[in-house]
Amino acid sequence: MKKLALLASMALLAACQSTTPPSASLDGEVFYLQRIALPPNATLSVSLQDVSLADAPAVVLDEQSGPIKGQVPLPFHLSYDPAQVKPGHRYAVSARIEVDGQLMFITTEQHAVQLDGKDPQPLKIRVNAAR
């Protein structure tokens, strides 16, 4: 009976391991040039998107969002499944900083990434004042 329980648990563990998709990641920093401090209730959102289709919404591969701890540069980490990366598609990273739901900073230039393992890291993502 103990052997049967051991075999069942080993099979379950093997099944869990095989269903975990391989992942790759992008690390970087969000910064701005203005010499102002962020309020303590500011939030940062950074996303990795497939921006291939000009007339359709971008497909988000991963997003990091949450309260900001500290001041610029603001670190981020995005993970994605390399199997989601399609040949011939274009990918970009975008960022925004909000305070109480009001946009304060946002990327105004496209920060293209290749997702081929050769992207320079850490990525440097500049955001500009929204007003």
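Bear in mind the structure is a predicted one, so any value in this text is a computation, not a measurement.

1. Concerning the overall build of the protein chain
Looking only at helices and strands, the protein chain features one helix and nine strands. Reading the helices (α) and strands (β) of the protein chain from amino to carboxyl end gives α-β-β-β-β-β-β-β-β-β. Put simply, the protein chain has 131 residues, and 29% of those count as buried. Intrachain contacts of the protein chain at a sequence separation of at least 6 include 65% that bridge at least 24 residues.

2. Observations concerning the pattern of salt bridges
Within this structure, the stated rule accounts for two salt bridges. Linking E29 and K124 is a salt bridge whose minimum nitrogen-to-oxygen distance equals 2.8 Å. With a gap of 95 residues between them, E29 in strand β1 (residues 24-31) and K124 in strand β8 (residues 123-126) connect regions that are remote in the sequence. Since its relative accessible area comes to 48%, K124 is described here as partly exposed.

3. Things to note about the pairing of strand β5 (residues 91-99)
Bridging between strand β2 (residues 42-50) and β5 involves nine bridges; their strand directions are antiparallel. Bridge assignment links L48 to a residue of β5, and that residue is V93. Two elements, β5 and strand β6 (residues 102-106), share four bridges in a ladder whose sense is antiparallel. In the sheet register, E98 faces β6, and the bridge partner there is L103. The hairpin formed by β5 and β6 contains two residues between the paired strands, and D100 there has a positive phi angle of roughly 55°.

4. Regarding the nonpolar core
In terms of nonpolar packing, the biggest core is built from 26 residues, with V30, L38, L48, V93 and I97 touching the most fellow members. With five residues, β5 is the single largest residue contributor to this core.

5. A word on the layout of surface pockets
In this structure, the largest pocket encloses a volume near 160 Å³. L44, Q64, S65, G66, P67, I68, K69, L74 and P75 are the residues that line the largest pocket. For the lining of the largest pocket, the elements supplying multiple residues, two or more each, are β3 (59-67) and β4 (74-80). Of all the elements, β3 adds the most residues to the lining of the largest pocket, at four residues. Here the lining of the largest pocket is built from residues that sort into five nonpolar, three polar and one charged.

Rules and cut-offs
In every chain, residue numbers begin from 1 and rise along the written sequence. With the structure being a predicted model, the display of local features is reserved for residues of pLDDT at least 70 and the display and counting of side-chain atom pairs for 80 or more, all residues being used for whole-chain, interface and lining totals. Side-chain numbers come from the whole structure's heavy atoms, not from hydrogens or water. Counting from the N terminus, the helices are the DSSP runs of H or I reaching at least four residues and the strands are the DSSP runs of E reaching at least two. Accessibility here uses a 1.4 Å probe with only protein chains present; expressed as a share of the type maximum, an area under 20% marks a residue as buried, one over 50% as exposed, and anything in between as partly exposed. Any two residues having at least one pair of non-hydrogen atoms within 4.5 Å are treated as being in contact. Throughout this description, the term salt bridge denotes a Lys or Arg side-chain nitrogen within 4 Å of a carboxyl oxygen of Asp or Glu. Any two strands are treated as partners once DSSP identifies two or more bridges connecting them. Residues belong to a common nonpolar core when they are buried Ala, Val, Leu, Ile, Met, Phe, Trp, Tyr or Cys residues joined through side-chain atoms within 4.5 Å. In this analysis the probe radius is 1.4 Å and the grid spacing 1 Å, with only protein atoms considered; a cavity is a set of points the probe fits into but cannot get out of, a pocket is an open set with protein on both sides within 12 Å along at least five of seven lines, and lining residues have an atom within 4 Å of a point. Grid points are joined across faces, edges and corners, and a volume is the space filled by probe spheres set on the points. Following the grouping adopted for this structure description, the nonpolar residues are Ala, Val, Leu, Ile, Met, Phe, Trp, Tyr, Cys and Pro, the charged ones are Asp, Glu, Lys and Arg, and the polar ones are all others, Gly among them.

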